[in-house]
Amino acid sequence: MVLPLLTWPIMTVSILLILTSLALALFVLLHKNRGGGMSDLFGGGMFTTMGGTSVAERNLDRLTIIIGVLWLACVLGLLTLYRWFPDVGVLG
């Protein structure tokens, strides 16, 4: 039995989806601790007396939103390729 191979559009979007998924998980884990959660694993549970939002935190928020939008675009792109162009995903 020969398994069908993915063509370059689906392979490219799939690789982008994997990369953006990893980056999005990393950026979410880097956010400042606001009441526990996964950020406690990396020392985010320490109490800080500094108030307000720093420039680095705002930039991290922006990067997280940008990566999230790219991730959503990859998901919608794969949906489009598989739904409306089913022959694109199969060679042969």
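Preceding this section is the structure that the text describes.
Residues numbered from 1 in each chain as written. Predicted model: local features only at pLDDT ≥ 70, side-chain atom pairs only at ≥ 80, totals over all residues. Heavy atoms only, no water.

Asks: Can you walk me through helix α1 (residues 8-30) in this structure?
Replies: Side chains that are three or four residues apart share a direction in an α-helix, a result of its 3.6 residues per turn. Taking 1.5 Å per residue as the helical rise, α1 with its 23 residues ought to reach 33 Å, and the 33 Å between its terminal C-alpha atoms agrees with that figure. All of the buried residues in α1 are Pro9, Ile10, Val13, Ser14, Leu17, Thr20, Leu24 and Phe27. Taken together, the buried residues of α1 touch α2 (55-84). (Helix = DSSP H or I, 4+ residues; strand = E, 2+ residues; numbered from the N terminus. Expected span 1.5 Å × (residues − 1). Buried < 20%, exposed > 50% of the residue type's maximum accessible area, 1.4 Å probe, protein only. Contact = heavy atoms within 4.5 Å.)

Asks: I'm lost on the packing of aromatic side chains in this one. Help?
Replies: What characterises a pair of aromatic rings is the spacing of the ring centres plus the angle enclosed by the ring planes. Under the definition given, this model contains zero aromatic pairs. Above the face of the Trp84 ring, Arg83 is positioned so that its terminal group lies 5.9 Å from the ring centre. (Phe/Tyr/Trp six-rings, centres within 6.5 Å; stacked < 30°, edge-to-face > 60°. Lys NZ or Arg CZ within 6 Å of the ring centre and 35° of its normal.)

Asks: It is not clear to me how the packing of α1 against α2 should be interpreted in this structure. Could you clarify?
Replies: Between two packed helices, both the angle of their axes relative to each other and the distance between the axes serve to describe the pair. Relative orientation of the contacting elements α1 and α2 amounts to 150°, with a least axis distance of 9 Å. Here α2 runs roughly antiparallel to α1, going by the angle between their axes. Between α1 and α2 lies a crossing whose hand is left-handed. Partitioning the contact of α1 with α2 into residue classes produces 20 nonpolar, five polar and no charged. (Axes fitted to C-alpha atoms, helices over the stretch in contact; angles between N-to-C directions. Parallel < 35°, antiparallel > 145°, perpendicular 65-115°, else oblique. Left-handed = near helix turned anticlockwise from the far one by under 90°. Nonpolar A, V, L, I, M, F, W, Y, C, P; charged D, E, K, R; others polar.)

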